[in-house]
Amino acid sequence: MKTCLVVDDSRVIRKVARRILEELGYDVAEAADGAEALAWCRAMMPDAILLDWNMPVMGGLEFIRRLRLEPGGSIPKVVFCSVENELERIREALDAGADEFVMKPFDGEILGGKLALAGAPV
C-alpha cells in the first residue's frame, strides 16, 4: 500500500488531508511538526509527504533539508503545503528539496494533481 505522511501543526488540516489522501488510496500517518516527522521517517520512509511550512519545534524547510540527508530520504515525493504565495518562498521550498508546492486551502482534485506532478503514486 502507498503511504503518505501529513506533517502539519493544525489538527484540522491533518484531518482534511487524511480524508483526501485516503480517498486517493493512501495509508496515512500524521505528525504535528518536523521533529516528529523525521522520527517517523527514520522508522519507516513514506512514499509521499505533505509538508507544512511554519510549525513549532522544527519547521518544514529544516525538516526537508534533514530528510534529504537521511538514508532513503531522497525517495519520498514531498509536496509543500502552505499559505506562502511569494515566488521566492516557493523557490526556496523547491530548492530545499520539495518536489511540488500547493497553496492552502486545497481540495482533492488539486492535491491529487500536485502529487501526480511530483511523481508520487496516485
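The following refers to the structure shown.

The rules we used
- Residues numbered from 1 in each chain as written.
- Predicted model: local features only at pLDDT ≥ 70, side-chain atom pairs only at ≥ 80, totals over all residues.
- Heavy atoms only, no water.
- Helix = DSSP H or I, 4+ residues; strand = E, 2+ residues; numbered from the N terminus.
- Rg over C-alpha atoms; globule rule 2.2 N^0.38 Å.
- Contact = heavy atoms within 4.5 Å.
- Areas by Shrake-Rupley, 256 points an atom, 1.4 Å probe, with all protein chains shown as cover.
- Lys, Arg positive; Asp, Glu negative; His and termini not counted.
- Charge placed at Lys NZ, Arg CZ, Asp CG, Glu CD.

Overview of the overall build of the protein chain
Along the protein chain, the regular secondary structure elements total five helices and five strands. Along the chain direction, N to C, the helices and strands of the protein chain fall in the order β-α-β-α-β-α-β-α-β-α. The C-alpha radius of gyration computed for the protein chain amounts to 13 Å, which stays within 12% of the reference 14 Å derived for 122 residues, consistent with globular compactness. If you line up the protein chain on its principal axes, its C-alpha atoms span 35 × 30 × 25 Å. Here the contacts in the protein chain between residues at least 6 apart in sequence split such that 58% fall between residues at least 24 apart. Taken as a whole, the protein chain presents about 6100 Å² of accessible surface, with 52% of it coming from carbon and sulfur. Counting 15 positive and 21 negative side-chain charges, the protein chain places the centres of these two groups 2 Å from one another.

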